[in-house]
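Listed here are the chains, written in short residue letters.
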Amino acid sequence: GNQASPAPQVPRYVRVNTLKTCLDDVVDYFKRQGYSYQGRAARLEELSSLSGKQFLLDPHLPDLLVFPSQTDFHKDRLYVAGHIILQDKASCLPAFLLSPPSGSHVIDACAAPGNKTSHVAAILKNKGQIFAFDLDPKRLATMSTMLVRAGATCCELANQDFLAVDPRDPKYSKVTYILLDPSCSGSGMVNRLPGEETAPSSERLRALAAFQRKALGHALRFPALQRLAYSTCSVQQEENEDVVRDVLQEHGSAFRLVNVLPSWPHRGLATFPAAQCCLRACPAATLTSGFFLSSVPQWEPPCGAGG
Ligand code: SAM
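Residues numbered from 1 in each chain as written. Predicted model: local features only at pLDDT ≥ 70, side-chain atom pairs only at ≥ 80, totals over all residues. Heavy atoms only, no water.

A short note on the packing of helix α7 (residues 202–219) against helix α8 (residues 241–250)
Thinking step 1. Two numbers describe how α7 lies on α8: the axes approach to 9 Å, and their chain directions differ by 45°. Here α8 runs oblique to α7, going by the angle between their axes. For the pair α7 and α8, the crossing hand works out as right-handed. Of α8, the residues touching α7 (which contributes A209, Q212, R213, L216 and G217) are V243, V244, D246 and V247.
Thinking step 2. Of the residues belonging to the contact of α7 with α8, the class tally is five nonpolar, two polar and two charged. (Axes fitted to C-alpha atoms, helices over the stretch in contact; angles between N-to-C directions. Helix = DSSP H or I, 4+ residues; strand = E, 2+ residues; numbered from the N terminus. Parallel < 35°, antiparallel > 145°, perpendicular 65-115°, else oblique. Left-handed = near helix turned anticlockwise from the far one by under 90°. Contact = heavy atoms within 4.5 Å. Nonpolar A, V, L, I, M, F, W, Y, C, P; charged D, E, K, R; others polar.)

Observations regarding the sheet that holds strand β3 (residues 54–57)
Thinking step 1. On the basis of which strands lie adjacent, the open sheet formed by five strands has the order β2-β3-β4-β1-β5 and mixed pairing. Two strands close off the open sheet at either side, each with one partner strand: β2 (36–40) and β5 (84–85).
Thinking step 2. Of the strand pairs in this sheet, β3 and strand β4 (residues 64–67) are connected by two bridges, and their pairing is antiparallel. Counted as the bridge partner of L57 is L65 from β4.
Thinking step 3. Of the strands in this sheet, β1 (12–16), β2, β3, β4 and β5 are in contact with helix α1 (residues 23–32), which crosses β4 at around 20°. (Pairing = 2+ DSSP bridges.)

Next comes the structure, spelled out in structure tokens:
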């Protein structure tokens, strides 16, 4: 029988778009709408005990507000104006952990529909350059509308296969940060349609993992790279820990994983030696949903290398 228990209620996360507004103004706005602000949560448990019109500041992420799960802001004025982005907490982790300094050149390898791109643009304060690639023209069109709404002006979109982007092209010679969020099985998504809950077939997983390994290996060829964040919304070890392990082995000692966000409670699968350096997210352990972020390793060049 089906032993899966119902997904625990996941709160509604609201990312404040600092390209258009600031945390204080958004907090004031919601107070005027009758919500009661509880300040910054000290512990994750506080997020699950929100009720009525209460809201909190997330304990991990600086510009992320947390509301009770049934709250819907899709028609809210701030959402329509691009002042707030309705984005699950797990999907905010890659850009937050990448944290490129303002002025950096960044590649978003598989970018559409662009929630992570606009988050990176906010972290850059629109200073610097994001080269965003995606194969799917429809998704790119949506992304371009979304970026205008979010006020992200530092992005160059290209309908291009990331694997065909030449790392030696002088255009990318200053790319120091890469966000890689490749196509995946989506097995971590909580709000899947009925009948979609079955695990992906092994053929599908093999094909996805082959692409993910290629994309990760390719990303590591950019000569000025200092840090990379790899994420998927899959729970499958084949798409996560295994991809990272295989590609790191191929690249020898040139890159290593670093331990990030030590306060995050849910880490990579213990079968992987560097599990401690990976983050997993799921409704039960981290109260995240809709998007399932299974691992965010980061690479840093060995001492003396890079700039
Ligand atoms: N990062 C996006 C966000 O946060 O909104 C979501 C990205 S989605 C998981 C993966 C994307 O990769 C899809 O839009 C897909 O079209 C794109 N993609 C797949 N293969 C690609 C390739 N070879 N080069 C570039 N993009 C690719």
